[in-house]
Amino acid sequence: MKAILHKKLIAVCILLFYNASIFAQSMADRSDNNNAFVNWAQKHAFTLQASDKATDDKDLYPVKQMIGEARVVALGEPAHGFREPLAFRNRLFKFLVHHCGFTTIAIEGDLAQSRLAADYIAGGRGTAKDAAAALSISEPAAENIELLNWMRQYNADSAHTIKLRFYGMDIQMIGFPGDTTPNHSALDQVLAYLQQVDESAARRAHFELAFYLTQMSVVRYPALSLKDQNTLTTVLENIVALLERQRIAFINRSTKDAYEWANRNAIAALQRDRMMRVMPPDQPGKIPPNAWKAMNARDVAMADNINWILHNGANGGKVLVFAHNAHVKNAPTAGGVWDAFALPPNSAGEYLRSILGNDLFIIGSSIAPEPTTLQANSIDKALLKVDRSKYILDLRTAARLPEVAKWLSISRPMQANKVSFFLLPVSTAFDALLFLDRDDGR
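Computed from a prediction, not measured in an experiment: that's the story for all the values here. (Residues numbered from 1 in each chain as written. Predicted model: local features only at pLDDT ≥ 70, side-chain atom pairs only at ≥ 80, totals over all residues. Heavy atoms only, no water.)

**Here we look at the overall build of the protein chain**
Inference 1: Tallying secondary structure elements over the protein chain gives 19 helices and 10 strands in all.
Inference 2: Computed over C-alpha atoms, the radius of gyration of the protein chain comes to 22 Å, within 12% of the 22 Å expected from 2.2 N^0.38 for 442 residues, which places it in the range of a compact globule.
Inference 3: Along the three orthogonal principal directions, the C-alpha set of the protein chain runs to about 70 × 55 × 35 Å.
Inference 4: With 442 residues in all, the protein chain has 57% of them scored as buried.
Inference 5: Partitioning the contacts of the protein chain with sequence separation of at least 6, the portion at a separation of at least 24 is 78%.
Inference 6: Total accessible area computed for the protein chain in this model is approximately 17700 Å², and 52% of it derives from carbon and sulfur atoms.
Inference 7: Where the 48 positive side-chain charges of the protein chain centre and where its 44 negative ones centre are 2 Å apart. (Helix = DSSP H or I, 4+ residues; strand = E, 2+ residues; numbered from the N terminus. Rg over C-alpha atoms; globule rule 2.2 N^0.38 Å. Buried < 20%, exposed > 50% of the residue type's maximum accessible area, 1.4 Å probe, protein only. Contact = heavy atoms within 4.5 Å. Areas by Shrake-Rupley, 256 points an atom, 1.4 Å probe, with all protein chains shown as cover. Lys, Arg positive; Asp, Glu negative; His and termini not counted. Charge placed at Lys NZ, Arg CZ, Asp CG, Glu CD.)

What follows is the structure, given as structure tokens:
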């Protein structure tokens, strides 16, 4: 949801330590002409209506044809904070629900914190604004509130026997650089569940975790000794093993849905532990070269959570994933500020492609960028030349044209986070490209 990436430690470091010299050094300086791609795109682009002014769904039917039988559609956004991708996401999800058998949306937000939204759309207490606020560090976007209200209304209709689901797919983070405030909502939910189904196990888990719950912050976790880190990992693994071993008994003492949330939160806590164990010490003024390990661990966890959502949480339906282009793309993260990494981390999209194959359809997106930030021969610059305000391209159809296919296969810049860029081969990274202009001047 809006500004979710800004709440992530790695992304904060990237934006905070952004270095103009790295930016310039990583610029792609290619001389190949993009006219062939632009000419092809002008003939093959499917024009889209403005999301808030659409009169029907006819313009989305080509998207249905592109997706085909894919069970997961991953929609990327180039930066958090733009309203246009959020509005398109809402419109696309509604279309996919009504016409393509989709039942679930998974967003780049904390899995544990998404429980409030999941309960709200199922008819629970609270408001959509409160549920959306739990997944944002700022005022929740109107589009996020609108989506949750629509999902709640859909589920309340008795004619809809298959109910919609909402999940966060991300690892719970433990604060910003320098933060000493403990943060462990995933474990809190697990401990509350154990208290309900097995009081003795809950007491034991509380005792074993008591010290570590006070250490789960950006500053305190790295200060743990290797022995303490190993002990914490063992405690978390034992909780996951307990939940798996007692699955039948615990479901009988609660509900299947309550059990699944508790079990997944325990796994999410272990995922975060794995990420924090490879998080390098803070290096003020620059991005630590080994930070790629933590970024990689985060994307592995996202992919694993999406796969779990598809097979266990989607009510037998299909899943729309919404996250930053950095996570959905089927390509490593390289170029721009990310060249500071010792190795390019793999993305969740790469892991999902290896798991799901053709059951995954990836849509990358570009929001009409500022001309002053465009890189030479960038993807965004070529998309601007197509001269349409909103459109989508099926990149797979370009394979029949050697000149266009070659242009798409070359690693080139694509704007990210408004101030930097990736270097990626477009035809490998995405199955389709979405272009949206900026309606509100932001």
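**Section: the side chain of E108**
Inference 1: As for its position among the elements, E108 is in strand 3 (residues 102-110).
Inference 2: The class of E108 is buried, set by a relative accessible area of 1%.
Inference 3: Of note is the side chain of E108, whose polar atom sits 3.5 Å from the side chain of H80.
Inference 4: Looking at E108, its side chain comes within polar contact range of the side chain of R298, at 3.1 Å. (Polar contact = N/O pair within 3.5 Å; in protein donor to acceptor, adjacent residues only side chain to side chain.)

**With respect to unusual backbone geometry**
Inference 1: At N315, a residue that is not glycine, the phi angle is positive and equals roughly 55°.
Inference 2: With respect to the helices and strands, N315 occurs in the loop between helix 14 (291-313) and strand 5 (318-324).
Inference 3: Residue N315 is classed as partly exposed on the basis of its relative accessible area, which comes to 34%.
Inference 4: Unlike most non-glycine residues, D387 shows phi in positive territory, near 65°.
Inference 5: Along the chain, D387 turns up in the loop between helix 17 (379-385) and strand 7 (390-394).
Inference 6: The exposure class of D387 is exposed, given its relative accessible area of 67%.

**Concerning the pairing of strand 2 (residues 72-77)**
Inference 1: With six of its six residues buried, strand 2 lies for the most part within the structure.
Inference 2: Of the two faces of strand 2, the one lined by V72, A74 and G76 and the one lined by V73, L75 and E77 are each fully buried.
Inference 3: With six bridges connecting them, strand 2 and strand 5 associate as parallel partners. Across the sheet, L75 pairs through a bridge with F322, a residue of strand 5.
Inference 4: Examined bridge by bridge, strand 2 and strand 6 (residues 360-367) share four bridges and lie parallel to one another. Residue A74 lies in a different strand from strand 6, and its bridge partner there is I362. (Pairing = 2+ DSSP bridges.)

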